[in-house]
Amino acid sequence: MKARIAVLPGDGVGQEIVPEAVRLLKAVGERFHHVFEFVSGDVGGSAIDKVGVPLPQETLALAQQSDAVLLGAVGGPRWDGLEYHRRPERALLGLREQLGLFANLRPARLYPMLAEASTLKREVIEGIDLLVVRELTGGIYFGKPKGIEKIPGGERGVNTEVYTTEEIRRIAKVAFEAARKRRRRVTSVDKANVLESSELWRRVVIEVHTGYPDVELSHMYVDNCAMQLVRNPRQFDVLLTTNLFGDILSDEAAMLTGSIGMLPSASLGARAGLYEPIHGSAPDIAGKNLANPIATIASAAMMLAYTFHLDKEAEAIEHAILKALEQGYRTRDIHSRGTKLVGTAEMGQVILENFNQG
Ligand code: IPM
Ligand code: MG
């Protein structure tokens, strides 16, 4: 197989974790005889520093002309003062929108040996294995009208939560299809007791469900879901939800697994898929060899599985990660007494060695 992969490390720890994932992908190419071409681009704050905008035309073109995109993270306090439309985060939103990446898959699984690293009790989190299916190009993130306007006596800030039938339909299908490869249960999360957009959401999800009689569908209000996630997360298989609710609930789901440094994601749509850890640029630990590269390496594994349909290769990476954890290697975020504390590069190296031996 031949493929072109856009590599966009971005800001903060993105610069440290992305190279570790690229090393693994190169090793996959060698061992399984695939030709991966890697082309790097600037995105986020580092692009602002170089060319003045968070998503340069060149980077967008690179992403559009690639088969898949590997992204690190964007943002940092240095760029927080910038006008809204020039901030690093706009790059991510622009990529999602321009590439048509409407489906965001965020799997949260507990590695048994990390139960101690979670802030929750072992008996609550043991055995969790859920998938957040987050709508990614609609809802309040993109709805219009939006903006800040002057009004007598002050200002008025506006965003609009909006969903069309078609937007709901296509993401619901993704969730039901994903459930078929898992435990066949979808929980659709909305706020249908208050919001009209949620009322439509629920109606359309029910309609799409008629095509998936083998999948069990239930509905949950988002406030209840936030509570159920820490009360009894094992009840969930696939969580189907909107852009904003998915943003919030996926961070919560990540912490169940011990660290936000463990969770990969895939953003899929009409064109090239984008793969990134769900965590941010972590400016407080950036450049110190402290970040956990596992979420990014696992995102590379998702790329192999979802974009290239290389399941064997993806499993080999996942196995190498599991083995590193079994061997007791831990970055600081997942470290507990009696395990071996390592940095970003060492963790990447151990996983690479496990892969090469596998
Ligand atoms: C995420 C992030 C982004 C989002 C930010 C960085 C724009 O929090 O991917 O979850 O809100 O979608
Ligand atoms: Mg988020």
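Residues numbered from 1 in each chain as written. Chains lettered and ligands numbered in written order. Predicted model: local features only at pLDDT ≥ 70, side-chain atom pairs only at ≥ 80, totals over all residues. Heavy atoms only, no water.

1. Details of unusual backbone geometry
- A cis amide bond links Lys144 to the next residue, Pro145, at an omega of 5°.
- Located in the positive-phi region is Arg184, a residue other than glycine, with phi close to 60°.
- Considering the arrangement of structural elements, one finds Arg184 in the loop between helix H6 (165–180) and strand E8 (185–190).
- Classification of Arg184 by relative accessible area gives partly exposed; the value is 35%.
- Not every positive phi belongs to a glycine, and His309 is a case in point at roughly 55°.
- Mapping His309 onto the fold places it in the loop between helix H10 (294–306) and helix H11 (311–326). (Helix = DSSP H or I, 4+ residues; strand = E, 2+ residues; numbered from the N terminus. Buried < 20%, exposed > 50% of the residue type's maximum accessible area, 1.4 Å probe, protein only.)

2. Concerning the sheet that holds strand E2 (residues 35–40)
- Taken in spatial order, the 10 strands line up as E2-E1-E3-E12-E11-E4-E5-E10-E8-E9 in an open sheet, and their pairing is mixed. Because the sheet does not close on itself, it has two edges, and the strands there are E2 and strand E9 (216–221). Taken pair by pair, the neighbouring strands of this sheet meet at an average axis angle of 25°, ignoring direction.
- Here helix H7 (residues 196–209) sits on the sheet in contact with strand E5 (129–135), E8, E9 and strand E10 (238–241), set at roughly 170° to E9. (Pairing = 2+ DSSP bridges. Axes fitted to C-alpha atoms, helices over the stretch in contact; angles between N-to-C directions. Contact = heavy atoms within 4.5 Å.)

3. Quick look at the domain arrangement of the chain
- When cut into domains, the chain gives domain 1 (1–100 + 271–358) and domain 2 (109–259).
- On a C-alpha basis, the centroid separation for the pair domain 1 and domain 2 is 24 Å.
- The interface of domain 1 with domain 2 comprises 14 residues on the first partner and 16 residues on the second.
- Here domain 1 and domain 2 share an interface that buries about 1300 Å² over both sides, 70% of which is from carbon and sulfur atoms.
- Run the count over domain 1 and domain 2 and you get 2 residue pairs in polar contact (both at pLDDT 80 or more).
- Secondary-structure elements contributing two or more residues to the side of domain 1 that touches domain 2 are helix H4 (89–99) and H11.
- The residue inventory of the side of domain 1 that touches domain 2, partitioned by class, reads 6 nonpolar, 2 polar and 6 charged. (Domains from an automatic or database assignment. Buried area = accessible area lost by both parts, 1.4 Å probe. Polar contact = N/O pair within 3.5 Å; in protein donor to acceptor, adjacent residues only side chain to side chain. Nonpolar A, V, L, I, M, F, W, Y, C, P; charged D, E, K, R; others polar.)

4. Focus on H4
- When we look at burial in H4, the residues that qualify are Ala91, Leu92, Leu93, Gly94, Leu95, Arg96 and Leu99.
- Residues of H4 that are buried make contact with strand E1 (2–10), helix H3 (57–64), strand E3 (68–73), strand E4 (103–109), E5 and strand E12 (273–277).
- Trailing H4 by a residue or two, Gly100 shows a phi angle of about 70°, which is positive.

5. Concerning the site of ligand 1
- Surrounding ligand 1, one finds Glu89, Leu92, Arg96, Arg106, Arg134, Tyr141 and Asp247.
- In the environment of ligand 1, an oxygen atom lies 2.8 Å from a nitrogen or oxygen atom belonging to the side chain of Arg134.
- In this structure, an oxygen atom belonging to ligand 1 sits 2.9 Å away from a side-chain N or O atom of Asp247.
- For ligand 1, whose free accessible area comes to 320 Å², the fraction covered by protein is 77%.
- In terms of residues, the shell around ligand 1 owes the most to one element, H4, which gives 3 residues.
- Tallied by class, residues from the shell around ligand 1 come to 2 nonpolar, no polar and 5 charged.
- Each of two domains, domain 1 (1–100 + 271–358) and domain 2 (109–259), supplies a minimum of three residues to the shell around ligand 1. (Near = heavy atom within 4 Å. Areas by Shrake-Rupley, 256 points an atom, 1.4 Å probe, with all protein chains shown as cover.)

6. Section: the side chain of Arg96
- Here Arg96 lies in helix H4.
- We classify Arg96 as buried; its relative accessible area is 5%.
- Contacts of Arg96, omitting those with residues within four sequence positions, involve Leu101, Arg106, Arg134, Leu136, Thr137 and Glu276.

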